[in-house]
Protein chains: 2
Amino acid sequence: MLKYPDAQVISLGIGDTTEPIPEVITSAMAKRSYALSTVEGYSGYGAEQGEKQLRAAIAETYYENLGIEEDDIFVSDGAKSDISRFQVLFGSKVTMAVQDPSYPAYVDSSVILGQTGQFQKDVEKYGNIEYMKCTPENGFFPDLSAVRRTDIIFFCSPNNPTGYAASREQLTRLVEFAKENGSIIVYDSAYAMYVSDDNPRSIFEIPGAKEVSMEVSSFSKYAGFTGVRLGWTAIPKELLYSDGFPVAKDFNRIVCTCFNGASNIAQAGGLACVSPEGIKAMHEVVGFYKENTDIIVETFNSLGFKVYGGKNAPYVWIHFPGQSSWDVFSEILEKTHVVTTPGSGFGPGGEGFIRVSAFGHRENVLEACRRFKQLYK
Amino acid sequence: MLKYPDAQVISLGIGDTTEPIPEVITSAMAKRSYALSTVEGYSGYGAEQGEKQLRAAIAETYYENLGIEEDDIFVSDGAKSDISRFQVLFGSKVTMAVQDPSYPAYVDSSVILGQTGQFQKDVEKYGNIEYMKCTPENGFFPDLSAVRRTDIIFFCSPNNPTGYAASREQLTRLVEFAKENGSIIVYDSAYAMYVSDDNPRSIFEIPGAKEVSMEVSSFSKYAGFTGVRLGWTAIPKELLYSDGFPVAKDFNRIVCTCFNGASNIAQAGGLACVSPEGIKAMHEVVGFYKENTDIIVETFNSLGFKVYGGKNAPYVWIHFPGQSSWDVFSEILEKTHVVTTPGSGFGPGGEGFIRVSAFGHRENVLEACRRFKQLYK
C-alpha cells in the first residue's frame, strides 16, 4: 500500500467471508435484540452449554441418525475459541498430531499450553508435535504407518488449506488407528457443508468413531458468522478416557468455568440458520462461494498449474514445485496486487504451495483471476 | 420444587440480572444485525481485540484521565472468559492469592490450570493458593502483613460476595504490597458502577498501579448483558514482567490465538452502552438494583442481623455467627422458598454468612423481604 498507494488490492488471503448474512437469519437476531428490552423477552445468563432448542436443532441438522443427541452438543463462540478450550481440557502434558499443512490454531494453541517443546529451525517444526504430512503424492491423506502415536490427533476435513476431504475409507483407517493407539481424534468439520461429493460430512459417519472422536464446527463459513461468532462441539457419550471417565463431563466443567455461553443474540441467529429456510439460505451462501472456487480452479488449470482442493472446500491449493511459497506470495502481491496465503504458513508441508481463498465478492474474484492470467500467460 | 410443587420460589441466589436492557442499547444491536444483511453493513472477522471505536469509548468512559488508552483495552465476551484467558496467559507454574471469600471463578480456573495443588479437606483450601481472609473484624480488607507473597493477586472490588469496596488508602497499600513483592494484581471491577461513595472505581486511580495491575470488567451488571456477553480487560503499557516484556503483548497473543473477538452485534450494543444516552440508561439500571439492595439491607437490619455490603454493590452479606451457611441457606429455602447463596461457596472465609443478591424484579424482592420478616420476626 505504501509502494503503490493507488493499487486496487484484492484479498483472497485469510478466509474471511464477504457476503451479507441472509435476512432470515439477521431478522431473527434483530428480533431477539429487541425482545431483550421487554419483560417477557429478557434473558440473563443462559446455559453455558447453549440454549436447549439450539443444541437439539444442531444435533438434528448435522448429526441425524448418527447417534449424537442434544446433550452431546456444546454451543460455542466459534471453533477457534473451542480449540483452545480443548487444549485447556487436555492440559500441558499430552502429545498431539496435526495434518501438515493445517489450520495454524491447533499448533499455536498447543505451543501456548506448553505441549510442543521448542521450535526446531532446521526442520521448521516443534519437537513434540507429530506432523502428518499431506501431499499430492499421498492424496493429502497421511501414511498412518509412518505416524507416531500421540494422545490427540487434530484432523480437519475438508482440510484448510488443501481443500481436500478425506474419504470414508480413509477416515475408517484413521478411526482404527486412533483405537489401536488409544488416541482422541479432534475432528474439525468447519467446512463440511462445502462437500459436494459423497465423502463424509462428519467423523461420526464412520462406525466406531464415537468411541474415539469429538467434532468441532462453526456457522462462520456457512452463514457468514465470522463476526457474529457461533459454533459448536459435539462430544459423544461413548468417548471415554482410559479410566472410563467421559470426556464430555470434563469438557462440561471447562465450559462452565472458563466460558459463560455464546451470546444469546448469536444463538437466536444460529437457531434461524438451522431452520428449513435458514438451511436453504446457508446452502445458497455456500453455493456462491463454490462458484467462486470453480472460477479460481479453472483459471489456474487453464494456466497449466497443478491445482488441488476447491471441490469440497472454499480453498484452492496451488503447487509451485521447487519455489518458496513466500516468494510466490510476494511475486503475486507485487505484480497483481492480490493477497494470497503462502502455504508454509500452514506448516512445513505447505512449502511450495499457495492457498487462494474463494471468499470474496464475485467481481473481485473475477478481477483477481484476470490478473493471474495476465501474470502467468 | 419436588417437595412443594406449588411453591412460588424466588431466586436471589446467583447474580443474574432480571431487568430488560434499555432500548437505546437493544436498538443499536438490532440495527447492526439488520446491517449484516447488506453489502455496505456486512463485516466478517473483526479485530480480535475489539472494534477500535469501542475500545476508545471504553477507555474514555471508564479511564478518563487515568492514562489508559484505546490500545490498552481488550474487548471480551465477558469477565469470566477473560479470567480463564489470564490463567492461560500466566500458565500452570504461578502462585496466586485470592480474597477469602471471593467470586469462585478465580480459584476454579486456577485449579483447572493446575496451579493450586490438592484440596485440603480439613481447612477447605487448596494447598498452593493464598487465601486473604476478609472479615468484619478487618473491615473486609486483608491484613497484608500476614499474606504470603504470590505471583498473582486476584482482587475484586466492590467485592462479590461481601459487597465491600476497598478505599483509596487500602488500595494504595495493596499496590505497594504488589510492588514490594513483584506481584501482578488482577483487579476485577465488574461492579464499579455500583460504588456510591468516593471509593475508587478503578485500580488505576491509585498512583503507581499501572506498573503492577491489570483490570477486568464487564457490561453484564451495568446493562443486563449477562446473556449478551460483553466485557473488557485493560492492561497498561507500564505493566511489565520482571524481564521487561510487556504483559499486554503476551495477552494480545492469547487473544489472537485463543479467541476471535466478541460478537460484532454485542460490540454494537457496547458502543451504545458508552454513548451519553447509554451511560444514563445504565445508571438507571444500576439505580434500580441499588434500590433493591436498600430494601434488603433495611429488612435484615430491622430484624437485628449484622448486615454488610449493599452500599457499593448489588450484594448483601449477612452474618449468622456460629451457624453453617449451608444450614442457613437450607432453612431459608425450606421456610421462605427464597434461594440465597451460602457464603462458604465463596471460600472458607464465607462460612457463617449468606449472600442475598439484589438482582430481581421489585415485586419479588419485596415479597422475599416479607417472607424474611415472617421467618425471623
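- By the naming in an unreviewed UniProt entry, chain A is LL-diaminopimelate aminotransferase, chloroplastic, taken from Olea europaea subsp. europaea.
- Quoted verbatim from the Sequence similarities (unreviewed entry) field of the UniProt record, the comment on chain A reads "Belongs to the class-I pyridoxal-phosphate-dependent aminotransferase family. LL-diaminopimelate aminotransferase subfamily."
- Listed in UniProt under the heading Cofactor (unreviewed entry), the comment for chain A reads: "pyridoxal 5'-phosphate".

## Notes on the sheet that holds strand 8 (residues 184-188) of chain A
All names here are of chain A.
- Taken together, the seven strands give an open sheet; going across it, the order is 2-10-9-8-7-3-6, and neighbouring strands pair in mixed fashion. The sheet is open, and its two edges are formed by strand 2 (73-76) and strand 6 (129-133), each paired on a single side. Ignoring which end each strand starts from, the neighbouring axes of this sheet average 20 degrees apart.
- In this structure, strand 3 (residues 96-100) lies alongside strand 6, joined through five bridges in parallel fashion.

## Describing helix 2 (residues 52-62) of chain A
- Among the residues making up helix 2 of chain A, those that are buried are L54, R55, A57, I58, A59 and Y62 of chain A.
- Summarising the contacts, the buried residues of helix 2 of chain A are in contact with strand 2, helix 6 (220-223), strand 10 (231-234), helix 8 (264-273) and helix 9 (276-302) of chain A.

## Quick look at the sheet that holds strand 15 (residues 353-357) of chain A
Residues and elements named next belong to chain A.
- Taken in spatial order, the four strands of this open sheet run 11-12-15-14, and their pairing is antiparallel. If you trace the sheet from one side to the other, it starts and ends with strand 11 (306-309) and strand 14 (341-342), each paired once.
- Both strand 12 (residues 315-319) and strand 15 contribute to a ladder of five bridges, which runs antiparallel. Considered in strand 15, the bridge of H319 is made with F353.
- Along the sheet, helix 9 makes contact with strand 11, strand 12 and strand 15, crossing strand 12 at roughly 10 degrees.
- The strands touched by helix 10 (residues 325-336) are strand 14 and strand 15; relative to strand 15, the strand with the most contacts, the crossing angle is about 45 degrees.

## Let's talk about the relation of the copies chain B and chain A
- Overlaying chain B on chain A yields an RMSD of 0.0 Å, the required transformation being a rotation through 180 degrees with an accompanying axial translation of 0.0 Å. One copy is carried onto the other by what is essentially a two-fold rotation axis. Proximity to the rotation axis, assessed at the C-alpha, singles out A30 of chain B in chain B; its C-alpha lies 2.0 Å from the axis.
- Interface overlap between copies: 100% of the residues of chain B at the interface are likewise at the interface in chain A, consistent with a symmetric, same-surface contact.

Parameters at a glance
- Counting of residues starts from 1 at the beginning of each chain's written sequence and follows it residue by residue.
- Chain A is the first chain written and ligand 1 is the first ligand written, with later ones labelled in order.
- Given that the model is predicted, a residue must reach a pLDDT of at least 70 before its local features are reported, and side-chain atom pairs must reach 80 or more before they are shown or counted; all residues, however, enter totals for whole chains, interfaces and linings.
- Side-chain measures here rest on the full set of heavy atoms in the structure, leaving out hydrogens and waters.
- UniProt positions are given in the numbering used here, feature names are shortened, and annotations may be inferred rather than shown by experiment.
- The pairing criterion for strands is at least two bridges between them, as found by DSSP.
- A run of DSSP states H or I qualifies as a helix once it reaches four residues; a run of E qualifies as a strand once it reaches two. Both are numbered from the N-terminal end.
- Orientation is described by axes fitted as lines to C-alpha atoms, over the contacting stretch for helices, and by angles from 0 to 180 degrees between their N-to-C directions.
- Exposure classes here rest on a 1.4 Å probe applied to the protein chains alone. A residue is buried below 20% of its type maximum, exposed above 50%, and partly exposed in between.
- By definition, residues are in contact when any of their heavy atoms lie within 4.5 Å.
- For this overlay, a least-squares fit was computed on C-alpha atoms, restricted to residues scoring pLDDT of at least 70 in both copies.

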